[in-house]
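The lines below spell out each chain.
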Amino acid sequence: MAAKVMFTAVADHGGKYGPFPSDTTLVFNTTITDIGGGYDKTSGEFTAPSSGYFYFTFFYHAGKEEMSGLTLMKNERIVVKTYDENRPGPNTCDNAGNAAFLQLNAGDRVYVRLPANCRIYASDRTTSFSGFMVAPM
């Protein structure tokens with residue numbers, strides 16, 4: 001039987017986070033669950049402790065005054081994205097998320113990037129990153 005691997009972490013940076021002039025790895029610095037020890041709350045990266053099939057989700061909250069978005073990355077490659085252009089309208093905030101199943105080898109890294117010139121809200125547990133092993137390879 002394979003060891004259990006799962007984590008959930010939230011970004012808690014005191015409120016509005018970004019924009020930055022270049023893409024920035026978002027550090028989800030408050031760990032809620034980390035079984036299997038794959039998530040590093042100082043780098044914001046999940047490193048697969050063993051090969052398998054994994055499921056990842058990420059969600060964010062942002063105010064409408066800035067462009068917002070996040071990108072799920074695997075070893076420097078884009079997996080899936082979220083994005084809002086902040087077009088004029090009656091909405092006062094943005095919420096978005098995405099998810100993906102990934103085949104990972106031991107040592108593969110998965111993380112979330114904040115695109116250049118985008119802002120999110122990183123407080124009150126509104127921006128999160130989670131993952132778990134579905135099955136070993």
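As a reminder, the structure under discussion sits directly above these lines.
Rules used in this analysis
- Residues numbered from 1 in each chain as written.
- Predicted model: local features only at pLDDT ≥ 70, side-chain atom pairs only at ≥ 80, totals over all residues.
- Heavy atoms only, no water.
- Salt bridge = Lys/Arg side-chain N within 4 Å of Asp/Glu carboxyl O.
- Helix = DSSP H or I, 4+ residues; strand = E, 2+ residues; numbered from the N terminus.
- Buried < 20%, exposed > 50% of the residue type's maximum accessible area, 1.4 Å probe, protein only.

### Describing the pattern of salt bridges
Going through the model one piece at a time under the given rule, you end up with 3 salt bridges. The salt bridge involving E45 is made with R109; its shortest N-O contact spans 2.8 Å. Separated by 64 residues along the polypeptide, E45 in strand β6 (residues 45–47) and R109 in strand β11 (residues 109–114) bring together distant segments of the chain. Since its relative accessible area comes to 18%, E45 is described here as buried. Classification of R109 as partly exposed rests on a relative accessible area of 24%. Salt-bridge contacts for E76 lead to R109; the nearest nitrogen and oxygen are separated by 3.5 Å. Residue E76 is found in the loop between β8 (68–74) and β9 (77–84), and its partner R109 is found in strand β11; the two are separated by 33 residues along the sequence. According to the relative accessible area criterion, E76 is partly exposed, its value standing at 47%. Residues joined by salt bridges that share partners form a network here, namely E45, E76, R109 and R113.

The quantities given are spatial measurements derived from coordinates; they are silent on function.
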